[in-house]
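# Descriptive analysis of the structure
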Amino acid sequence: MAEPLIVEVVSPEAVLYSGEADMVITRTLGGGEVAFQAGHAAFLGALVENHTRVFQTDGTVQDIAIHRGFVEVSGNPTRVSILSDTAELAQDIDVERAKEALERHRHMLRDQHMDATMIEVATAGRDRAEARLRATGSSFT
């Protein structure tokens, strides 16, 4: 059996997750999804809003909504550190609130009179809401 990863997910407010895992899957800026397992080469990447999965050694999966940040992989044993601007464990997400935010931001993006800043804010809000809903396994189409 492979040696487990040591995983930490940290936001400015708290350490959201700390423990051992067999694999972590997250999404990097411009690189798509990336999976880390024990023995992975050193890595540093910027994260986008995404649904990160931590495959724990007991066979369960910890789903986390990540809202930008960085991932670093280092050491022996392999350590995966996710430093996020904001992150939420799936069980802490208010699904109805996330659905309302998604609809509100989608509606904003249909407005043809928005300036570039408003478009950026609405796009970021939409992406955050989608990451939150993916982390909870909720449908949002």
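Quick look at the structure, then. As the structure is a computational prediction, the values presented were derived from the model and not from experiment.

Taking 1.5 Å per residue as the helical rise, helix H1 (residues 95–110) with its 16 residues ought to reach 22 Å, and the 23 Å between its terminal C-alpha atoms agrees with that figure. For H1, the full list of buried residues reads Ala98, Ala101, Leu102 and His105. Buried residues of H1, viewed axially, fall in a sector of 100 degrees; they line one side. Residues of H1 that are exposed and point over 90 degrees away from its buried face: Glu100, His107 and Arg110.

Given 3.6 residues per helical turn, the α-helix brings residues three or four places apart onto the same face. Taking 1.5 Å of rise per residue, the 21 residues of helix H2 (residues 116–136) would be expected to cover 30 Å, and the 31 Å separating its terminal C-alpha atoms lies within 8% of that figure. Close packing links the buried residues of H2 with strand E5 (50–56), strand E6 (61–74), strand E7 (79–89) and H1. In the segment just after H2, Gly137 is the residue with positive phi, at about 80 degrees.

Packed helix pairs are characterised by how far apart their axes lie and by the angle those axes make with each other. The N-to-C vectors of H1 and H2 enclose an angle of 150 degrees; their axes lie 8 Å apart at closest approach. Our classification of the angle between H1 and H2 gives roughly antiparallel. The handedness of the crossing between H1 and H2 comes out as left-handed. Counted together, Val95, Arg97, Ala98, Lys99, Ala101, Leu102, His105, Arg106, Met108 and Leu109 of H1 and Ile119, Val121, Ala122, Thr123, Gly125, Arg126, Ala129, Glu130, Arg132, Leu133 and Thr136 of H2 form the full contact between these two elements.

In this section: the nonpolar core. Core analysis: the largest hydrophobic core is formed by 19 residues, its most contacted members being Val7, Val9, Val24, Ile64, Val80 and Ile82. Counting residues per element, the ones that place at least two in this core are strand E1 (5–10), strand E2 (15–28), strand E3 (32–36), E6 and E7. With 5 residues, the next largest nonpolar core counts Ala98, Ala101, Ala129 and Leu133 among its residues.

The full count for this structure, using the stated rule, is 7 salt bridges. Here Arg53 ties to Glu33 by a salt bridge, and the two come within 3.1 Å at their closest N and O atoms. With a gap of 20 residues between them, Arg53 in strand E5 and Glu33 in strand E3 connect regions that are remote in the sequence. Judged by its relative accessible area of 42%, Glu33 is partly exposed. The residue Asp127 makes a salt bridge to Arg126 at a minimum N-O spacing of 3.1 Å.

The next subject is the pairing of E7. For a regular strand, side chains alternate in direction, first toward one face of the sheet and then toward the other. Bridge analysis of E1 against E7 gives 5 bridges, and the strand direction is parallel. Residue pairing across strands places Val9 opposite Ile82, the latter belonging to E7. Relative to E7, E6 is paired through 10 bridges, and the arrangement is antiparallel. Counterpart to Ile64 in the pairing with E7 is Leu89.

It is worth spelling out the packing of aromatic side chains at this point. Aromatic ring pairs are reported here in terms of the distance separating the ring centres and the angle at which the planes meet. Considering all chains together, one arrives at 1 aromatic pair under this definition. Between Phe36 and Phe43, the aromatic rings sit 5.3 Å apart at their centres with planes inclined by 55 degrees, giving tilted as the arrangement. Look at Phe36 and you get buried, because its relative accessible area is 0%. Take Phe43: its relative accessible area is 26%, and that puts it in the partly exposed class.

About the thresholds
- Residues numbered from 1 in each chain as written.
- Predicted model: local features only at pLDDT ≥ 70, side-chain atom pairs only at ≥ 80, totals over all residues.
- Heavy atoms only, no water.
- Helix = DSSP H or I, 4+ residues; strand = E, 2+ residues; numbered from the N terminus.
- Expected span 1.5 Å × (residues − 1).
- Buried < 20%, exposed > 50% of the residue type's maximum accessible area, 1.4 Å probe, protein only.
- Arc of directions from axis to C-beta.
- Contact = heavy atoms within 4.5 Å.
- Axes fitted to C-alpha atoms, helices over the stretch in contact; angles between N-to-C directions.
- Parallel < 35°, antiparallel > 145°, perpendicular 65-115°, else oblique.
- Left-handed = near helix turned anticlockwise from the far one by under 90°.
- Core = buried A, V, L, I, M, F, W, Y, C linked by side-chain atoms within 4.5 Å.
- Salt bridge = Lys/Arg side-chain N within 4 Å of Asp/Glu carboxyl O.
- Pairing = 2+ DSSP bridges.
- Phe/Tyr/Trp six-rings, centres within 6.5 Å; stacked < 30°, edge-to-face > 60°.

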